[in-house]
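Survey of secondary and tertiary structure
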Amino acid sequence: MAVARWRVVTASTAGIFVESLDWTMYGLLAPYFAGQVFAGKDAVTQVLSAYLVFAVGFVARPVGSFVMGRITDARGRRAGLLASVSLIAVGSAVIALAPTSAVAGAWAGVVVVAARLLQGIAMGGEVATAATYVVEVAPADRRHRYGAFAYSGDALGTLAGTIVLAVLLATLGADGVRDGGWRIAFAVAAACGLLAVWIRRGVPESEVFEKAKAAGAEPVGPLLRSHAPRMALAFMLTIGSTMGVYFGSVYLPQFAAHTGRYTEEAATSLHTAALVTLLVAMIASGFLADRFGPIPVIRAGFTAAAVLVVPLMWGLASGAVPYLVAAPVFTACVGLQLGVTPVAGARLFPVPIRAVGLGVPAGLAIALFGGTFLYVAEWLVSNDALRLVPVYAGLGLAVSAVGSWLVSTRLMYPVDTLVGTRAGEPALAIEEI
C-alpha cells in the first residue's frame, strides 16, 4: 500500500509540475517571443499583448474548473487527472509550433490564444482534482505532508522553468532566445506533459470516490448552493495565494530589473534561491500541518506574507534589502500556506462536489487575480508606479489572511463524508477530524 501511495504522490506532483512549468514558462518568456508572435507598434505594446494573452488563458479557468470538476466528481479522480494533463501538453506543443506574425500576421496571435484557452480549461481543474485525489488516498496522519509533496510540483515547475530560461540565455543569448530559442522551452514543457500522462495512467482510482459512486448522489446544484459560503472562503483563500505565487515566483526577477539595480539575467539567476526556499517551505508546511493542524500554518503564512511584502519589496527597490534576502523571505511566507491550503480547501466540501466545489471558486480567483497579475504589474511599471506593485500584491494577500481567520477546523469535513447522498447523512463518515 505504501508503494501505491507514493505512486499517487508522484502522479499528483507530475501534473502540478507540468501546469506550473507551462504557466511559468509563458510568463518568463513573454518578453522574448512577444516580438515574433504579436504585431505591434513598439516593444512595450507587444509585451503587453503577450501578457494580455497570459490573462486570457485564465479566463477559461472558471469554465474549466466546472467542466473538469464535473468530470472528476462524476467519472472519477483518475479520469480528471488524465484529461487535464493531456490538454496541457497539447497546448504547449501548439505554442512551440506557432507561426510568427511575419508569416501568419494576426493569426499567429490567434493560434497562441487558442492554445492558452485550451490550457486554461485543463488547468482550471488541475489543482482541485489533484487536491481531491491526495485528500482521499493519503493516510490521515500524513495527509498534509503528502499534499505538500504533491504541491511542491508547483515550486519545482517554476524552478524548472527558470532553469530552462537560464540555460537558454546562457547558450543562445537573449537575442537567440528572441529569434526562436523560446520554442525549445515550450517543446520541453510538452514533453514533460506527455511523461505526466504516462505516469498518471498507472494510478488507481480513489476508494472513497468508488464508495460514493456506489452509494448514489443527489443533484449537484442544490448541494453546491448549500455550500456557497464555503466556496466564498475558497475564493478568498485563493486570491492572495495566486497573487503571491505569480509575484514571488514569476514576476520578481522582472520587478528587480525594473528597479535598475539588477539586470534581468542576474535577477533570474539569483531567483533560484527564492524558488528553492519556496519548495522547502511548502514541504515543511505539510509536516507542520500534520503536527499542529492546517489552520494555524495557513494563517501564519498568509499573515506574514501580507505584512512583509511591501517593506521587503520597497527595500529591494531602494537597495536597502538585497535580492537574496527579500525574495527568499517572501517566498518562504508564500510557501508556508501554499503547501497546505489546497488540501485543507478540499475538505471544505463533501465527496460528491469536492472537485467542483473547490475548483470553481479557486479557478475564478486565479483568473481574476493571478492571470491578470503580470499585466497589471507591467501596466503599473509603464505608468511609473513600480512601488505600487507590492502594494497591489499585499492587498490580495490581506484578503486571504482575513479568509484564513474565518476558516475553522469545524468547517472541515471528514474525508469520506457523503453529505446529500441517498445513503443519508454522512453514511461513510468514519474518520475523526
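Residues numbered from 1 in each chain as written. Predicted model: local features only at pLDDT ≥ 70, side-chain atom pairs only at ≥ 80, totals over all residues. Heavy atoms only, no water.

1. A word on the overall build of the protein chain
If you tally the helices and strands in the protein chain, you get 16 helices and zero strands. Its C-alpha radius of gyration of 21 Å places the protein chain within 12% of the 22 Å reference for a compact globule of 433 residues. Dimensions of the protein chain, computed from C-alpha atoms along their principal axes, come out at roughly 65 × 45 × 40 Å. Taken across its 433 residues, the protein chain has 59% of its residues classed as buried. Restricting the contact set of the protein chain to residue pairs at least 6 apart, pairs at least 24 apart contribute 84%. (Helix = DSSP H or I, 4+ residues; strand = E, 2+ residues; numbered from the N terminus. Rg over C-alpha atoms; globule rule 2.2 N^0.38 Å. Buried < 20%, exposed > 50% of the residue type's maximum accessible area, 1.4 Å probe, protein only. Contact = heavy atoms within 4.5 Å.)

2. Quick word on the nonpolar core
Within the largest apolar cluster, 126 residues are counted, with the highest numbers of intra-cluster contacts made by Y26, L29, F33, F247 and F373. At 16 residues, helix α6 (residues 143-201) tops the list of elements feeding residues into this core. Residues contacting F373, with those up to four places away along its chain left out, are M243, Y246, F247, Y251, V389, Y392 and A393. Ranked by size, the runner-up nonpolar core spans six residues in total, among them A11, L81, Y133 and V137. (Core = buried A, V, L, I, M, F, W, Y, C linked by side-chain atoms within 4.5 Å.)

3. Describing the side chain of S65
On the secondary structure map, S65 appears in helix α2 (residues 43-75). A residue is classified by how much of its surface remains accessible, and S65, at 0% relative accessible area, is buried. Among the polar contacts made by the side chain of S65, one reaches the main-chain carbonyl oxygen of G359 at a distance of 2.9 Å. (Polar contact = N/O pair within 3.5 Å; in protein donor to acceptor, adjacent residues only side chain to side chain.)

4. Description of helix α10 (residues 264-292)
Taking 1.5 Å per residue, 29 residues should reach 42 Å; α10 reaches 40 Å between its end C-alpha atoms and fits that length. The principal kink in α10, of about 30 degrees, is found at L270. Turning to α10, its buried residues number three or more, namely A267, T268, H271, A274, L275, L278, L279, A281, M282, S285, G286 and A289. In the core, the buried residues of α10 are packed alongside α6, α9 (228-258), α11 (294-318) and α12 (323-338). Two residues or fewer past α10, G293 is found with a positive phi of approximately 95 degrees. (Expected span 1.5 Å × (residues − 1). Bend = angle between axes of the 7 residues up to and from the residue.)

5. Here we look at the pattern of salt bridges
If you walk through the whole model with that rule in mind, you get three salt bridges. Put simply, D290 and R145 hold a salt bridge, and the shortest N to O gap is 2.9 Å. With D290 in helix α10 and R145 in helix α6, the pair connects residues that are 145 residues apart, well separated along the chain. Owing to a relative accessible area of 23%, R145 belongs among the partly exposed residues under this scheme. (Salt bridge = Lys/Arg side-chain N within 4 Å of Asp/Glu carboxyl O.)

6. Some thoughts on the packing of aromatic side chains
Throughout the structure, instances matching the rule amount to 13 aromatic pairs. Measuring from ring centre to ring centre gives 6.1 Å for F149 and F287, while their planes differ by 80 degrees; the resulting arrangement is edge-to-face. You can see F149 sitting in helix α6 and its partner F287 sitting in helix α10, a full 138 residues away along the chain. On the accessibility criterion, F149 (27% relative accessible area) is partly exposed. Here the aromatic cluster, defined as three or more aromatic residues joined through ring pairs, consists of F247, Y251, F255, F330, F373 and Y392. Across the ring face of Y26, the terminal group of R116 is positioned such that the distance to the ring centre comes to 4.2 Å. The residue whose ring lies beneath R387 is W314, and the NZ or CZ to ring-centre distance is 4.1 Å. (Phe/Tyr/Trp six-rings, centres within 6.5 Å; stacked < 30°, edge-to-face > 60°. Lys NZ or Arg CZ within 6 Å of the ring centre and 35° of its normal.)

7. What to know about the packing of α10 against α11
Relative placement of two packed helices is described by the angle separating their axes and the distance separating the axes. Running from N to C, α10 and α11 point in directions that differ by 135 degrees, and their axes come no closer than 7 Å. It follows that α10 is oblique to α11 by the angle criterion. On α11, the residues touching S285, L288, A289 and F292 of α10 are P294, P296 and V297. In terms of residue class, the contact of α10 with α11 is made up of six nonpolar, one polar and no charged. (Axes fitted to C-alpha atoms, helices over the stretch in contact; angles between N-to-C directions. Parallel < 35°, antiparallel > 145°, perpendicular 65-115°, else oblique. Nonpolar A, V, L, I, M, F, W, Y, C, P; charged D, E, K, R; others polar.)

8. Here's the deal with the confidence of the model for the protein chain
When pLDDT is averaged across the protein chain, the result is 83; 92% of the residues are at 70 or more. A low-confidence stretch, residues 421-433 stays under pLDDT 50, and its non-local contacts, those more than four residues away or across chains, total 26 contacts. (pLDDT = per-residue confidence, 0-100.)

9. Remarks on unusual backbone geometry
Among all residues except glycine, the phi angle is most often negative; among peptide bonds, the trans geometry is most common. For D384, which is not a glycine, the phi torsion comes out positive at approximately 60 degrees. By the secondary structure assignment, D384 is in the loop between α15 (373-382) and α16 (388-406).

10. Looking at helix α7 (residues 207-215)
Looking at α7, one finds that the buried residues are V208, F209 and A212. For α7, the angular spread of buried residues about the axis comes to 95 degrees, placing them on one side. Turned more than 90 degrees away from the buried face of α7, the exposed residues are E207, K213 and A214. (Arc of directions from axis to C-beta.)

11. Observations regarding empty space enclosed by the protein
In total, this model carries three cavities of 30 Å³ or more according to the counting rule given. The space that makes up the largest cavity amounts to roughly 490 Å³. Counting residues per element, the ones that place at least two in the lining of the largest cavity are α1 (2-37), α2, α5 (106-137), α6, α9, α13 (341-346) and α14 (354-370). If you tally residues by element for the lining of the largest cavity, the top one is α9, at eight residues. (1 Å grid on protein atoms, 1.4 Å probe; cavity = no way out; pocket = protein on both sides within 12 Å on 5 of 7 lines; lining within 4 Å. Points joined across faces, edges and corners; volume = space filled by probe spheres on them.)

12. Some details on the side chain of S285
In this structure, S285 sits in helix α10. Polar side-chain contacts of S285 include one of 2.5 Å to the backbone oxygen of M282. Non-local contacts of S285, meaning those with residues more than four positions away in its chain, are made with A148, V297, G335, L336, G339 and V340.

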